[in-house]
Amino acid sequence: MQELRVVGVRVELPGNQPILLLKETQGERYLPIWIGAVEAAAIAFEQQGVRPARPMTHDLLREVITALGAELEAVNITEMRDGIYIAELVLGEERVVSARPSDAVALAVRTGAPIFGADDLLDEVGIEIPDEQEDEVEKFREFLDQISPEDFGAGSGSGGGSGGPA
């Protein structure tokens, strides 16, 4: 397993499909995951420090985990099966819950839990960006600094395939 960090989320045009971009902390590979608008907004809200008047679903789940005396120890993105990314919430004491990567990452950014990607998955779908394209990644980061959660709109996102919402 390789530790990953959230580079950010953006909307892929022309289809207005949000994409979550993760990067190895000790490597050069990126892991792009297409996600739903709701999950994209949840991740963007947390990254920008936006606090809605009432808790979002991921805030509620964080509070439920805490109330049950558990702690999110890690998020593992383990594999891709039939074009769908598979993730796990590691709650300790050998408690693991299957989750969509988008929901798992939205929860991880709220709790500070580390995110890991399986070596086999990164070998299969990880993307290395050549040096000449690094400026594109910098443009992506600048874009993320300027985007607001409202840019994601309100939509439903279920599923989790590489071509559909995660």
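Here is a short report on the structure shown in this document. (Residues numbered from 1 in each chain as written. Predicted model: local features only at pLDDT ≥ 70, side-chain atom pairs only at ≥ 80, totals over all residues. Heavy atoms only, no water.)

### Comments concerning the nonpolar core
Piece 1. In this structure, Leu-20, Leu-22, Leu-31, Ile-77, Tyr-85, Ile-115 and Leu-121 are the most contacted members of the largest nonpolar core, which totals 37 residues.
Piece 2. Elements with a minimum of two residues in this core: β1 (2-12), β2 (17-24), β3 (29-34), α1 (37-48), β4 (74-81), β5 (84-92), α3 (101-111) and α4 (119-125).
Piece 3. The element contributing the most residues to this core is α1, with six residues.
Piece 4. Discounting residues that sit within four places of it in the chain, Leu-20 has contacts with Val-6, Gly-8, Val-9, Leu-31, Pro-32, Ile-33, Ile-35, Ile-43 and Val-105. (Core = buried A, V, L, I, M, F, W, Y, C linked by side-chain atoms within 4.5 Å. Buried < 20%, exposed > 50% of the residue type's maximum accessible area, 1.4 Å probe, protein only. Helix = DSSP H or I, 4+ residues; strand = E, 2+ residues; numbered from the N terminus. Contact = heavy atoms within 4.5 Å.)

### Overview of the pairing of β2
Piece 1. Burial runs high along β2: seven of the eight residues are buried.
Piece 2. Relative to β2, β1 runs antiparallel, the two sharing eight bridges. The residue of β2 that forms the bridge with Gly-8 is Leu-21.
Piece 3. Between β1 and β2, which follow one another and run antiparallel, lie four residues, and Asn-16 among them has a positive phi close to 55°.
Piece 4. Of the strand pairs in this sheet, β2 and β3 are connected by five bridges, and their pairing is antiparallel. Within β3, the position partnered with Leu-22 by the bridge is Leu-31.
Piece 5. Remark: four residues form the turn of the hairpin made by β2 and β3, two consecutive strands paired antiparallel. (Pairing = 2+ DSSP bridges.)

### Remarks on the pattern of salt bridges
Piece 1. Scanning the model with the defined rule gives eight salt bridges in all.
Piece 2. When the shortest N-O distance is used, the salt bridge between Arg-62 and Asp-59 registers 3.7 Å. Residue Arg-62 and its partner Asp-59 are both found in helix α2 (residues 57-67); the two are separated by three residues, about one turn of the helix.
Piece 3. Relative accessible area serves as the criterion here: at 23%, Arg-62 is assigned to the partly exposed category.
Piece 4. According to the relative accessible area criterion, Asp-59 is buried, its value standing at 10%.
Piece 5. The salt bridge partner of Arg-81 is Glu-79, with a shortest N-O separation of 2.8 Å.
Piece 6. When its relative accessible area of 31% is taken as the criterion, Glu-79 is described as partly exposed.
Piece 7. Residues participating in the shared-partner salt-bridge network are Asp-59, Arg-62, Glu-63 and Arg-110. (Salt bridge = Lys/Arg side-chain N within 4 Å of Asp/Glu carboxyl O.)

Structural measurements only, silent on function.
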